[in-house]
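Here's the letter readout for the chains.
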Amino acid sequence: MPKPSHLRSVDPTPAPAAQGAAPRSSGVAVETVPKPGKRRKYSAAEKLRIVREAAACTQRGDIEALLRREGIYSSLLTAWRKQLALHGSEALAGRKPGRKAKQDAKDRRIAELEKRSARLEEKLALAEKLIDLQKKVSAILGINLTNDEER
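Rules and cut-offs
- All residue numbers refer to position in the chain's written sequence, counted from 1.
- Residue-level local features of this predicted model are given only where pLDDT is at least 70; pairs of side-chain atoms are given and counted only at 80 or more, and the full residue set underlies all totals for whole chains, interfaces and linings.
- Computation of side-chain values: all heavy atoms of the structure, hydrogens and water removed.
- Counting from the N terminus, the helices are the DSSP runs of H or I reaching at least four residues and the strands are the DSSP runs of E reaching at least two.
- Here the term buried applies to any residue with accessible area under 20% of the maximum for its type, exposed to any over 50%, and partly exposed to those in between, with areas from a 1.4 Å probe on protein chains only.
- Contact definition: two residues touch when any of their heavy atoms are within 4.5 Å.
- Geometry is summarised by axes, namely lines fitted to C-alpha atoms with helices restricted to the contacting stretch, and by angles between N-to-C directions that run from 0 to 180 degrees.
- Should an angle fall under 35 degrees it is called roughly parallel, over 145 degrees roughly antiparallel, and 65 to 115 degrees roughly perpendicular, with every other angle called oblique.
- Rotating anticlockwise by less than a right angle from the far helix to the near helix defines a left-handed crossing, while the corresponding clockwise rotation defines a right-handed one.
- For this scheme, ten residues count as nonpolar: Ala, Val, Leu, Ile, Met, Phe, Trp, Tyr, Cys and Pro. Four count as charged, namely Asp, Glu, Lys and Arg, and the remainder, Gly too, count as polar.

Focus: the side chain of S138
Stage number 1. Here S138 lies in helix 4 (residues 105-141).
Stage number 2. The class of S138 is buried, set by a relative accessible area of 9%.
Stage number 3. Dropping the residues within four chain positions of it, S138 is found in contact with I143 and L145.

Quick word on the packing of helix 1 (residues 44-56) against helix 2 (residues 62-70)
Stage number 1. For the pair helix 1 and helix 2, the least separation of the axes is 9 Å and the interaxial angle reads 155°. Our classification of the angle between helix 1 and helix 2 gives roughly antiparallel. Considering the relative orientation of helix 1 and helix 2, their crossing is right-handed. In this structure, helix 1 contributes R49, I50, E53 and A54 to the contact, and helix 2 contributes I63, L66, R69 and E70.
Stage number 2. Classifying every residue of the contact of helix 1 with helix 2 by side-chain character gives four nonpolar, no polar and four charged.

Purely geometric stuff here, so don't read any function into it on its own.
Right, here's the structure in full:
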């Protein structure tokens, strides 16, 4: 009795074309395409080089050839151009992914004290302005502000 089609055994060895880099007749290995799901990371220098190469393209189809050669989409090139235009070459370096690190107790205390210091400095500046105003008013009115104890 023959096996049903869904129960037939499958040969576990992959076909030669499906294995990594297949040698050509000249003996040179063909480069393999990265597996899906592998995200490429570009350094700031690479991004800058690609943007400059794209800017140097003058003939029709040059940019498309560059994009195919580098394996990037036009939207990525557009985003890099925008970052470069807005913030310069430092923006191409990128940021660390994920949330910012939470502050520990010491950092929170420092931030709290800096806010308090700024508030107190504002109050001090206002108080000094008020004192100067009082001095000017007393000078205009001819009032002596010194206490009897200070004489």
